[in-house]
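Results of the structural survey
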Amino acid sequence: MARKETITLQMILDTAFAMTREEGFVNVTARRVAARAGCSTQPIFRVYKNMDELWDAVYERAAQFFQDYYSLYPRIGKAPFSNLGMAYIAFAREEKHLFELLFVNSRPGRKGMYELLNGGEGNVVYEINLAKSAGCPDPGSLFMRMWILIHGAACMSLTGDYDLSDVETLELLEHSCRTFMSEV
């Protein structure tokens, strides 16, 4: 009778994903995952061809985690891009290592920022349509201006240089949106 496998693909992926959230993607090595999972490296390479395959799985899990995070984030803003911005900035603050993996450290073959933001639900497209319905003559330009502000604020939160409250952040995003709309 064959020995029962105790270390599964799901356990390895869960361990690597947890390590990424806590310590950062660069710290996810076969030896460290194995030590944390309580096994040798052999089970890792039994279920994954190589570390790139595991890293790709962690990346996809992180992308889905962001989509779930965004879909559950409270919608309190009225201006286009304010809710997307609030969720993005909060994600950077609360999930620093996942944010870095998805939106700061790019690798060939990975999803682009727009694709990650838009997700399967069309998040950015929804915001662009909201801007159109609010009378914005150039929603694409508005998106670029807002996104530069939003991404900058999120990156500042990674370094601890962003100290606005959620209320102040929402005010900043809504004020900026109104100002940018009058300029495009």
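Summary of the structure given here. In this text the structure is predicted, and so the values were computed from the model without any measurement. (Residues numbered from 1 in each chain as written. Predicted model: local features only at pLDDT ≥ 70, side-chain atom pairs only at ≥ 80, totals over all residues. Heavy atoms only, no water.)

Quick word on the packing of helix α4 (residues 51–72) against helix α5 (residues 82–94)
- Where α4 meets α5, the axes come as close as 10 Å, and the angle between the chain directions of the two elements is 125°. Between α4 and α5, the interaxial angle falls into the category oblique. Handedness of the crossing formed by α4 with α5: right-handed. Here F65, F66, Y69 and Y70 of α4 lie close against α5, whose contacting residues are N83, L84, A87, Y88, A90, F91 and E94. (Axes fitted to C-alpha atoms, helices over the stretch in contact; angles between N-to-C directions. Helix = DSSP H or I, 4+ residues; strand = E, 2+ residues; numbered from the N terminus. Parallel < 35°, antiparallel > 145°, perpendicular 65-115°, else oblique. Left-handed = near helix turned anticlockwise from the far one by under 90°. Contact = heavy atoms within 4.5 Å.)

Focus: the nonpolar core
- Counting 61 residues, the largest nonpolar core has L54, Y88, L102, F103 and L142 as the members making the most contacts within it.
- At ten residues, α4 tops the list of elements feeding residues into this core.
- Leaving out residues up to four positions away in the same chain, L142 has contacts with F81, A131, C136, C177, F180, M181 and V184. (Core = buried A, V, L, I, M, F, W, Y, C linked by side-chain atoms within 4.5 Å. Buried < 20%, exposed > 50% of the residue type's maximum accessible area, 1.4 Å probe, protein only.)

Let's talk about the pattern of salt bridges
- In this structure the tally under the stated criterion is eleven salt bridges.
- Between E22 and R36 there is a salt bridge, with its nearest N and O atoms 2.9 Å apart. Placement of the pair is E22 in helix α1 (residues 9–23) and R36 in helix α2 (residues 30–37), with a sequence separation of 14 residues.
- For the salt bridge of E53 with K49, the shortest nitrogen-to-oxygen distance reads 3.9 Å.
- When salt bridges with common partners are traced through the structure, they connect E22, E23, R32 and R36 into a single cluster. (Salt bridge = Lys/Arg side-chain N within 4 Å of Asp/Glu carboxyl O.)

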